[in-house]
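This is what each chain is made of:
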Amino acid sequence: MTTVTDRRLERGDAVRPAAGIVHLGPGAFFRAFNAVYTADAMEAEGGDWGIVAVSLKSPTARDQLKPQDGVYTSVSLTPEGAEYRVIPSIVDVLVAPEDPEAVLAAMTAESTKIVSLTVTEKGYCHEPSTGRLNLKHPDIAHDLGGGAPRSAPGFLVEALARRRAAGLGPFTVLSCDNLPSNGHLAKAIVLEFARNRDADLADWIEANVPFPATMVDRITPATTESDVADLAAAQGYADAGCVLHEPFRQWVIEDDFVAGRPAWEAGGAQFVSAVEAHENMKLRCLNGTHSTLAYLGYLAGYETVAETVADPAFAKLCQKLWRGEIVPTLEKPEGEDLEAYCAALLERYRNPAIRHRTWQIAMDGSQKLPQRILGTVADNLAAGNQPSGLILAVAAWMRYVGGVDEKGAVIDVRDPLADRLKAASDGAADDAALVDALLAEREVFSPELAGDARFRDALVKAYSDLKARGSAAVVADFVA
Ligand code: CS2
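Residue numbers here run from 1 along each chain, matching the order of that chain's written sequence. Selection of residues for local features in this predicted model requires a pLDDT of at least 70, selection of side-chain atom pairs for listing and counting requires 80 or more, and totals for whole chains, interfaces and linings are taken over all residues. Hydrogens and water molecules were not included; the side-chain quantities draw on all heavy atoms of the structure.

## Describing the nonpolar core
Point 1. To qualify as a nonpolar core, a set must consist of buried Ala, Val, Leu, Ile, Met, Phe, Trp, Tyr and Cys residues joined through side-chain atoms within 4.5 Å. Buried means the residue's accessible area, taken with a 1.4 Å probe over protein chains only, is under 20% of the maximum for its type, while exposed means over 50%, and partly exposed covers the values in between. In this structure, Tyr 349, Met 398, Phe 445 and Phe 455 are the most contacted members of the largest nonpolar core, which totals 84 residues.
Point 2. In DSSP terms, a helix is any run of H or I states spanning at least four residues, a strand is any run of E spanning at least two, and both are numbered starting from the N terminus. With 11 residues, the single largest contributor to this core is helix H17 (residues 388–401).
Point 3. When we break this core down by domain, the ones giving at least three residues each are domain 1 (2–272) and domain 2 (276–479).
Point 4. Working rule for contacts: check all heavy atoms of both residues, and any pair within 4.5 Å makes them a contact. Apart from the residues within four sequence positions on either side, Tyr 349 is in contact with Ile 219, Cys 285, Leu 286, Thr 289, His 290, Leu 293, Val 305, Ala 306, Val 309, Cys 318 and Trp 322. Segmentation of the chain into domains, including their bounds, is taken from an automatic or database domain assignment.

Have a look at this one:
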């Protein structure tokens, strides 16, 4: 069978751009998002914005992409059918643990103007409840010890230190993860790391390196083997690196770049002076209900988001959360209509062509809950409202991390704190003790929130209710 590379050569567009970006985190989201916008920018305006994609962990992306020259297919799944596009933005793929010096060489190349990141929440090695760098994180402790870096903060600081020593200018650090004020968070973490190494270096970074914040949005489920087979059947070529995603995409970026940037606006990116209101809207409205659907939907036996919201009670749950608990906490971002935004979200969740597993979204809840749900809960409590729906979502997370589903089957819980959370659940004498043990997890819950009796007592009730009656019945009652 021909490959995606042959297909591209047949079309005659074999000239590749030179590299201008190093990207940490070459997973499906990056391929469906950053690399697509960059392809749009280069098609519209040219420029040497080829991307060196770096995996900090596994060789999977390299093994998929290297044999096909970094080229792959982005498949847009509309309810009416699929649209295929070959993306040529990736010019090299590196695996950091195999050769950290090669990664540092790319990051310190004179031509590198931007280092962007999609390393997921846990890649920041921070404490999600406070946003501080976790100095006890094994990779951070290792990197501060001075060996070849392993963590994203470790690579960023080492590369910036070398650029400074060599008299090269800095690069822009562009966080594209679902974290609140992701640019400020990345900056705080990099500075804290640098300060633990060398105060002068930290001052230099603070004065010279921009960390623009971004809001990123495109639903991109993990690619499966059957997706690769479907693409081969539909298009007649093999592509192990393909990605599938919804048609919708939105990228809002603070326009603060030290050495230029691609014309991402050619793909529709919005450049603004402040991103925070956009980020909060997206994190709380989309990711907040995504996580809610993931835990409650998984417990109710639903495999995907589309299946979950096909149950009218779960669709109503989203609407009730948006209207009653989430939107009232938001500042309206410029150019957005919050009601229309939420209505469109439900349509996106309903897209029957997207198989986004509740299990996938349920991953890493300890890293996701604070910015997706707990901040909204705290704002409601401060305003004197009881956010009963979001409390139900937190109780469902507590059920989920206990590791046993409603039929008694084991749940494959993926979370950096999975063992600790399971031990806390297993050691508890009753439901109240279990809730208290999980609330004592300081990486997730702030002392103020954990100590709020309105929250804690409602959680115990919701947890017991879910355990006694099951998620589907509890959700149906809640929206009745
Ligand atoms: C999802 C997100 O996996 C998850 O936790 O909530 O990846 C979501 O699909 C994206 O943020 C959409 O932009």
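## Description of the site of the ligand
Point 1. To be near a molecule or strand, a residue needs just one of its heavy atoms within 4 Å of it. Every residue lining the ligand is accounted for by Asn 178, Asp 217, Arg 218, Ile 219, Lys 282, Asn 287, His 290, His 356, Ile 361, Lys 368 and Arg 372.
Point 2. Side-chain atoms alone can form a polar contact between residues adjacent in sequence; in general such a contact is a pair of N or O atoms within 3.5 Å, and within protein one must be able to donate a hydrogen while the other accepts it. Between an oxygen atom of the ligand and a side-chain N or O atom of Asn 178, the distance comes to 2.9 Å.
Point 3. At 3.0 Å, a side-chain N or O of Asn 287 approaches an oxygen atom of the ligand.
Point 4. Here the accessible surface of atoms and residues is derived via Shrake-Rupley with a 1.4 Å probe, and residues count as covered only by protein chains that are part of the display. When the free accessible area of the ligand is taken as 340 Å², the share hidden by the protein chains comes to 88%.
Point 5. Looking at the shell around the ligand, the elements that each hand over two or more residues are helix H11 (276–299) and helix H16 (365–382).
Point 6. Per element, the largest residue contribution to the shell around the ligand is three residues, and it comes from H11.
Point 7. For the shell around the ligand, the per-class residue count stands at two nonpolar, four polar and five charged.
Point 8. Residues from two domains meet in the shell around the ligand; each of domain 1 (2–272) and domain 2 (276–479) gives at least three. Classification used: nonpolar for Ala, Val, Leu, Ile, Met, Phe, Trp, Tyr, Cys and Pro, charged for Asp, Glu, Lys and Arg, polar for all others including Gly.

## As for the pattern of salt bridges
Point 1. Salt bridge criterion: a side-chain nitrogen from Lys or Arg within 4 Å of a carboxyl oxygen from Asp or Glu. Evaluation of the coordinates by the stated rule reveals 34 salt bridges.
Point 2. In this structure, the salt-bridge partner of Glu 443 is Arg 420, at a minimum N-O distance of 3.6 Å. With Glu 443 in the loop between helix H19 (431–439) and helix H20 (447–450) and Arg 420 in helix H18 (residues 418–426), the pair connects residues that are 23 residues apart, well separated along the chain.
Point 3. Among the charged side chains, a salt-bridge network with shared partners connects Asp 40, Glu 43, Arg 85 and Arg 249.

## A word on the domain arrangement of the protein
Point 1. Segmenting the protein into domains produces domain 1 (2–272) and domain 2 (276–479).
Point 2. If you average the C-alpha positions of domain 1 and of domain 2, the two centres end up 29 Å apart.
Point 3. Every contact between the two is made by 32 residues of domain 1 and, on the other side, 33 residues of domain 2.
Point 4. A quick way to say it: buried area is the sum, across both parts, of accessible area lost when two parts are put together, with a 1.4 Å probe. Roughly 2,500 Å² is buried in total at the junction of domain 1 and domain 2, and carbon and sulfur atoms are behind 55% of that figure.
Point 5. For the pair domain 1 and domain 2, the interface holds four salt bridges.
Point 6. When the shortest N-O distance is used, the salt bridge between Glu 121 and Arg 372 registers 3.6 Å.

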